[in-house]
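Below, each chain spelled out in residue letters.
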Amino acid sequence: MWLKPEEILLKNAFKLWVTEKGNDYFVLQRRRGYGEGGGGLTGLLVGTLDTMLDSTSKVAPFRILHQTPDSQVYWSIACGKSLYTFSTIPFSGTKEEISQHWEWLEKNIMRTLSVFDSSDDITSFVQGKIRGLIAEEGKVSCVQEDDPEKFREALLRFEKWFDLPQKEKLVTYYSCSYWRGRVPCQGWLYLSTNFLSFYSYLLGSEVKLVISWNEIWRLEKTSNVILTESIHVLANGEDHFFSMFLHLNETFLIMEQLADYSIKRLFDKETFQEEPSLSDPLQITKRYCLETHARNEQFRAFFRLPKEENLLEVYESFLWVPFSHFNTLGKICLSESYLCFASQDGSQCHVIIPMREVIGVEKPDRSSRALIVCVRGKRALRFSEVRDFERLANAIRRRCGMTASPQHSASTEVTYCFDHWECQNLISHFEDNPEEVALMVGQKDSSKAVSTEALMTVFHPQDTENLDPKMEQSWNIHFSEYGRGTSMFCTKKTRDLIVRGVPEALRGELWMLFSGAVNDMATNPGYYSELVDQSLGTSTLATDEIERDLHRSLPEHPAFQSDTGISALRRVLTAYAYRNPKIGYCQAMNILTSVLLLYAKEEEAFWLLVAVCERMLPDYFNRRIIGALVDQAVFEELIRMHLTQLTEHMTDLTFFSSVSLSWFLTLFISVLPIESAVNVVDCFFYDGIKAILQLGLAVLDYNMEGLISSHDDAEAVTILNKFFDNVTNKDSPLPQTVQQNSVGNNDKASSISKVDISDLIKEAYEKYGDMKSEEVESMRKRNKLYVIQTLEDTTKQNVLRVVSQEVKFSASQLDELYVLFKRQHFLSCYWMMNSPVLLHHDPSLAYLEQYQLGFHQFSLLFSLLEPWSLCSGKDALFLWAFRLLDENQDGLINFKEFCCALGKVTPAQFIQFSKTLYNLFHSDPEEESLYRAVARVTSLLLRMEEVGRRLQEPTSPQKSSTSPIQAALEGALPDGEASSTPEISSDTPNTPITLEAGSIPQEVEWSFAFEQILASLLNEPVLVRFFERPVDIQARLDHAKSAQLKAKTNK
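What you are looking at is a predicted structure, and each value in this text was computed from that prediction instead of being measured.

A.B. asks: I'm lost on the overall build of the chain in this one. Help?
C.D. replies: A count of helical and extended segments in the chain gives 44 helices and 21 strands. Expressed as a percentage of contacts within the chain between residues at least 6 apart in sequence, the contacts between residues at least 24 apart total 66%. Summed over all atoms, the accessible surface of the chain reaches about 48,700 Å², with 52% contributed by carbon and sulfur.

A.B. asks: Help me out: how do you make sense of the side chain of E504 in this one?
C.D. replies: Topologically, E504 is positioned in helix α16 (residues 504–515). Side chain to side chain, E504 and R507 meet in a polar contact 2.7 Å long. Within polar-contact distance, the side chain of E504 engages the side chain of Y599 at 3.2 Å.

A.B. asks: Can you help me understand the confidence of the model for the chain in this one?
C.D. replies: Low-pLDDT portions of the prediction should not be read for the details of their coordinates. Per-residue confidence for the chain averages 77 on the pLDDT scale, and 74% of its residues sit at or above 70. Predicted confidence for residues 82–95 stays below pLDDT 50, and this span has 26 contacts to residues more than four positions away or in other chains. Of the regions scoring below 50 in pLDDT, residues 956–965 engages in 12 contacts with residues more than four places distant in sequence or in other chains.

A.B. asks: Can you help me understand the sheet that holds strand β5 (residues 74–80) in this one?
C.D. replies: Whether parallel or antiparallel, the strands of a sheet pair through hydrogen bonds between backbone atoms. Read from one edge of the open sheet, five strands run β1-β5-β4-β3-β2, paired in antiparallel fashion. Each edge of the open sheet carries a strand with a single partner, namely β1 (2–8) and β2 (17–22). Sheet twist, expressed as the mean angle between neighbouring strand axes with direction ignored, is 30 degrees. As paired elements, β2 and strand β3 (residues 26–31) share five bridges and run antiparallel to each other. Each bridged residue has a counterpart across the sheet, and for K21 the counterpart in β3 is L28.

A.B. asks: I tried to follow the packing of aromatic side chains on my own but got confused; where do I start?
C.D. replies: Two numbers describe a pair of aromatic rings. These are the distance of the centres and the angle of the planes. Enumeration over the complete set of coordinates arrives at 42 aromatic pairs. Members of the aromatic cluster, joined through ring pairs, are F151, F158, W161, F162, Y173, W188, Y190 and Y199. Geometry around W188 places R157 over its ring, the cationic atom sitting 5.9 Å from the centre. When the ring centre of Y599 is taken as origin, the NZ or CZ atom of R507, which lies over that ring, is 5.2 Å away.

A.B. asks: Is there a simple way to explain helix α37 (residues 874–885) in this structure?
C.D. replies: In an α-helix there are 3.6 residues to a turn, and that puts residues three or four apart on one side. Across its 12 residues, α37 extends 16 Å between first and last C-alpha, which sits within 8% of the 16 Å expected from 1.5 Å per residue. Considered for burial, the residues of α37 that qualify are A876, L877, F878, W880, A881, F882 and L885.

A.B. asks: Sorry if this is basic, but what is going on with the sheet that holds strand β15 (residues 338–343) here?
C.D. replies: Spatially, the seven strands line up as an open sheet ordered β16-β15-β14-β13-β19-β18-β17, and their pairing is antiparallel. The open sheet terminates on both sides in strands that have one partner only, identified here as β16 (350–354) and β17 (358–362). Averaged over all pairs of adjacent strands, the angle between strand axes in this sheet comes to 30 degrees, irrespective of strand direction.

A.B. asks: Where do I start with unusual backbone geometry in this structure?
C.D. replies: With the exception of glycine, the majority of residues adopt a negative phi angle, and the majority of peptide bonds are in the trans configuration. At L554, a residue that is not glycine, the phi angle is positive and equals roughly 45 degrees. Position of L554 among the secondary structure elements: in the loop between α19 (541–549) and α20 (563–579). When its relative accessible area of 9% is taken as the criterion, L554 is described as buried. At L667, a residue that is not glycine, the phi angle is positive and equals roughly 55 degrees. By secondary structure assignment, the location of L667 is in the loop between α25 (654–666) and α26 (674–687). With relative accessibility at 0%, the residue L667 sits in the buried group.

A.B. asks: Sorry, what's going on with the environment of V802 here?
C.D. replies: For V802, the position within the fold is in helix α33 (residues 773–803). Overall, the relative accessible area of 35% leaves V802 in the partly exposed class. With residues up to four places along the chain from it excluded, the contact list for V802 reads L848 and K896.

A.B. asks: Would you mind going over the nonpolar core with me for this structure?
C.D. replies: Nonpolar side chains in soluble globular proteins tend to be buried together. In this structure, F621 and W663 are the most contacted members of the largest nonpolar core, which totals 144 residues. The greatest single-element share of this core, amounting to 10 residues, is contributed by helix α22 (residues 602–616). The residues contacting F621, other than those within four sequence positions of it, are I583, C586, A588, M589, L592, V612, C613 and L665. Counting 101 residues, the second-largest nonpolar core is a separate cluster that includes F158, L248, F826 and L930.

A.B. asks: Honestly, a nonpolar patch on the surface in this entry has me stumped. Any pointers?
C.D. replies: On the surface, F809, V1031 and I1033 cluster together into a nonpolar patch covering about 210 Å² of accessible area. Considering the arrangement of structural elements, one finds F809 in the loop between α33 and α34 (811–830). Residue F809 is classed as partly exposed on the basis of its relative accessible area, which comes to 33%.

A.B. asks: Whenever I open this one, the pattern of salt bridges confuses me. Can you help?
C.D. replies: If charged atoms from side chains of opposite charge come close, those side chains can pair. Evaluation of the coordinates by the stated rule reveals 35 salt bridges. Where R624 meets E792, a salt bridge forms, and the shortest distance between an N and an O atom there is 3.2 Å. Of this pair, R624 sits in the loop between α22 and α23 (626–642) while E792 sits in helix α33; the two residues are 168 residues apart in sequence, bridging distant segments of the chain. For R624, a relative accessible area of 14% corresponds to the buried category. Residue K796 pairs with D793 through a salt bridge whose shortest N-O separation is 3.7 Å. Residue K796 and its partner D793 are both found in helix α33; the two are separated by three residues, about one turn of the helix. On the accessibility criterion, K796 (13% relative accessible area) is buried. Assessed through its relative accessible area of 28%, D793 is described here as partly exposed.

A.B. asks: Even after reading the chapter, I still don't get α22, so can you show me in this structure?
C.D. replies: Its 15 residues give α22 an end-to-end C-alpha distance of 20 Å, which sits within 8% of 21 Å, the value for a rise of 1.5 Å per residue. Among the 15 residues of α22, 14 are classified as buried, and the element is accordingly described as predominantly covered.

A.B. asks: I'm lost on the packing of α26 against helix α27 (residues 689–702) in this one. Help?
C.D. replies: Helix packing for two helices is described by the angle between their axes and how far apart those axes are. Here α26 crosses α27 at 135 degrees, and the two axes come no closer than 6 Å. Classed by the angle they form, the pair α26 and α27 counts as oblique. Residues V680, C683, F684 and D687 of α26 lie in contact with α27, whose contacting residues are I689, K690, A691, I692 and L695. Taken together, the residues of the contact of α26 with α27 sort by class into seven nonpolar, no polar and two charged.

A.B. asks: Got a minute to help me understand the environment of Y599 in this structure?
C.D. replies: As for its placement among the helices and strands, Y599 is situated in helix α21 (residues 589–599). A relative accessible area of 8% places Y599 in the buried class. Sequence separation of Y599 and V678 is 79 residues, and the distance between their C-alpha atoms is 9.5 Å. Leaving out residues up to four positions away in the same chain, Y599 has contacts with A454, M456, E504, R507, G508, W511 and V678.

A.B. asks: Could you clarify how one ought to interpret the pairing of strand β4 (residues 62–66) in this entry?
C.D. replies: For a regular strand, side chains alternate in direction, first toward one face of the sheet and then toward the other. Burial runs high along β4: five of the five residues are buried. Burial of β4 is two-sided: the residues F62, I64 and H66 facing one way and the residues R63 and L65 facing the other way are all buried. By the bridge criterion, five bridges tie β3 to β4 in an arrangement that is antiparallel. Its bridge partner being in β4, R30 is matched across the sheet by F62.

A.B. asks: So what exactly am I meant to see when it comes to the side chain of S212 here?
C.D. replies: On the secondary structure map, S212 appears in strand β9 (residues 205–212). Side-chain polar atoms of S212 contact the side chain of N214, separated by 2.5 Å. For S212, the contacting residues outside a window of four places in its chain are N194, F195 and Y830.

A.B. asks: Where do I start with the packing of helix α6 (residues 248–267) against α34 in this structure?
C.D. replies: Orientation of α6 relative to α34, taken along the N-to-C sense of each, is 100 degrees, at an axis distance of 11 Å. Judged by the inter-axis angle, α6 sits roughly perpendicular to α34. Here α6 contributes R265, L266 and F267 to the contact with α34, which in turn contributes K822, F826, C829 and Y830. Of the residues belonging to the contact of α6 with α34, the class tally is five nonpolar, no polar and two charged.

Here is what the cut-offs are and how they apply
- Residues numbered from 1 in each chain as written.
- Predicted model: local features only at pLDDT ≥ 70, side-chain atom pairs only at ≥ 80, totals over all residues.
- Heavy atoms only, no water.
- Helix = DSSP H or I, 4+ residues; strand = E, 2+ residues; numbered from the N terminus.
- Contact = heavy atoms within 4.5 Å.
- Areas by Shrake-Rupley, 256 points an atom, 1.4 Å probe, with all protein chains shown as cover.
- Polar contact = N/O pair within 3.5 Å; in protein donor to acceptor, adjacent residues only side chain to side chain.
- pLDDT = per-residue confidence, 0-100.
- Pairing = 2+ DSSP bridges.
- Axes fitted to C-alpha atoms, helices over the stretch in contact; angles between N-to-C directions.
- Phe/Tyr/Trp six-rings, centres within 6.5 Å; stacked < 30°, edge-to-face > 60°.
- Lys NZ or Arg CZ within 6 Å of the ring centre and 35° of its normal.
- Expected span 1.5 Å × (residues − 1).
- Buried < 20%, exposed > 50% of the residue type's maximum accessible area, 1.4 Å probe, protein only.
- Core = buried A, V, L, I, M, F, W, Y, C linked by side-chain atoms within 4.5 Å.
- Patch = residues over 30% accessible without salt bridge, like charges linked within 9 Å, V, L, I, M, F, W, Y side chains within 5 Å.
- Salt bridge = Lys/Arg side-chain N within 4 Å of Asp/Glu carboxyl O.
- Parallel < 35°, antiparallel > 145°, perpendicular 65-115°, else oblique.
- Nonpolar A, V, L, I, M, F, W, Y, C, P; charged D, E, K, R; others polar.

Below you can see the structure in the form of structure tokens.
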């Protein structure tokens, strides 16, 4: 265990300790009488003495001391009870504590100490680090014991050091070192809902750092010569490095989860309706929110389960694999509606059992802690060595009871079977009564379905002469051994069959199975028919785009040259746009859906589209296609890793991103002949995006020589296009005419050698198949922050380019002002569940409309920037300035409106403008002269308005010598003032004017041009002097940046 550093003057007093390991800074010692040899007579005496002492006085047999080369003083920093490396007891397979501490010191501290100049600095750093580790261990233990005292102390320090709003939720904290150049600063890293914060006070130097999660561009684990492992954070153009964590992987995982949570909540407007624990940013916790959310996401992604499923229980067990005749070790994962198993011994075996398929559970052998799960189809799965098998059996029964339909419960007295014979009888019962199976699953009459056949069976009836009998035979053998349907075993052999090819007749069934869409459709009977009824006839932007693209979807295929195919495509796309208006319709969805309709029934094609858009390719099909751009970044990273020869020739890999975007959006359907592209789709539904990445690398590798010799991007594109045109599928049963049309036959293409798609996919799996899905997901998370921030930066540049033409700020000042405006937008969202500003944020809107401020956020930012914010009437000033800037009167202003006010001034705005001028001049040295000047300006403007109105209506009789607007203004000005009289009292009261827009005669319509007001103001030298007083804009910006977080939100 780590010890609070204590000084030791004699490191080997009376020769009681033997040095086992040592270096310039640390010594590992063993007490005599322990371990090898026993230490002779001295060891015997020491051992006897230690044995006689009571437990409170005993000395640990191993310790670690800290020393410096030029000092005789040693510090004890760690101790341990045993050390397997030096003990006479053989190593039992687990590392002892003292060895872990020594290895940690060598790995994390040794290289760092070389950067210090003095021994005192080295000792101070080591002492601070050890104290931090002790506190870290105490924090872990207190969390396990649910003792909040330590956390409460950390929270008080967090609030004291960073002065953030009290609503900011601290999630967790860690001891670590923050690097300022080459010097580490030992301190504490605090992770809260919206900020990453660090504080250190060492050797009289204070270091304080606060970074918002939504400002981070990169978050990754790195290593270099000095730092073996560290966490790199890139934010606002600055690199930050944190190292020497006791649990670096755990820390990085929490940081990654908080950054991802912030991105989803603030940029993507996710409300986390499925997970209420994440919906309120004030209630986020490390264990019960973030860790649970990450575990559920990983569980659903691996087994392709609906988003409603959550991982409830995990059991380690063995599963009997009948076709291999052995038990495979793995874990049972139980959710609300599914029982899943995944092996952990490299056999790549997993199985998914919907609870609706389970018809019985039995416990045949208590000694082996086994249970048998009986499923429909005369199948049973045997799990053994389950630690709490009775609890698991009860959980399965309970969930089956919840999912069983009322019809089945009424017609069958036996719901669960507890012995082998009853289980077999029940299986036979369902085999003989298939109508009850349909009732149990929850299926109902789907006669409303428009198309009940896949288009391929209608337009290309299967010709037995064109089919490969060996392929079908291989799959039939697989089904007989591994099962068929939702509870089929998926193993390495399954993947091998997918790579070799899928028979046309089985393609739709296997797509539904591997994507998880079969479960979506089974648990939502009749849902698609209802969507079709509700969506057909609606007219939206999405439906207009769908109609435009219908005839562009595989136009060469006969199925989409007829009304049957076009109508089915229209119904599926329209129904999905109605189901998910956040996505609606995006280009490339039509191409993908067309292929789905060829091999799946209409309702099945709909659920396959749901699985692709919402589960397998998240964030692909929206206005910003963030998901596709993220995978482009992952693809670039993989090119650098695997195709070094290509990267040496082409240093700029953005070319491959632009070329391969369609590969990812359409799963190669848009570039490959249709009969070859479906093989790619087969692999995608089994392996996910990993299959597309592998194939992309294989395509570039196959064309390496041509790409390296190409002189420009156009030539490289031509090489790839010719390659794709000559990819064939020898196993395709499609007629030659269809294959030729889809290839786009030309003379140049015929001169290039043909490539079979099965060979290309096989090569991709052989060369890049060792790529793990977990690694791909990690790369996705690492690149997502950068992609989103790049898009945000593009948005900023577009906004600044537009606004810069309207204002007089410099480019750097305008840039800083935008950053402040955007941060104020997010500040209004940080501590609210349903912030109005957040609800109005829509990335698909025009650039200027993406970030907006309500009045309260505007007034907070305006008060930090506006030089007149300290006047007595500032509240009214803010209100009417906001109304003046809000051109469309929607209660929100965008960045352009914030920077400048354009257009004409309405009566209500003019009255308040006059009042605002009076409020601005309060307590000014030239107050009286300014008041008189304002009176003259308003009088002149009103006379101009009166003359203009008479010119527009020359025949109108003069009913009164006083303009109604002038009369209204006279009532609005302070007592004793009139717009027609320039004289003004020096003691003008500063009470707010209560005149509202409604008090102005509604029949009078008039306005002033901004130029008229400006010309009138320029006629008064005293007003010109007032507004021409120099204002230090940069000082105001600096003040706003430092004070923005401290501005309290009034609720």
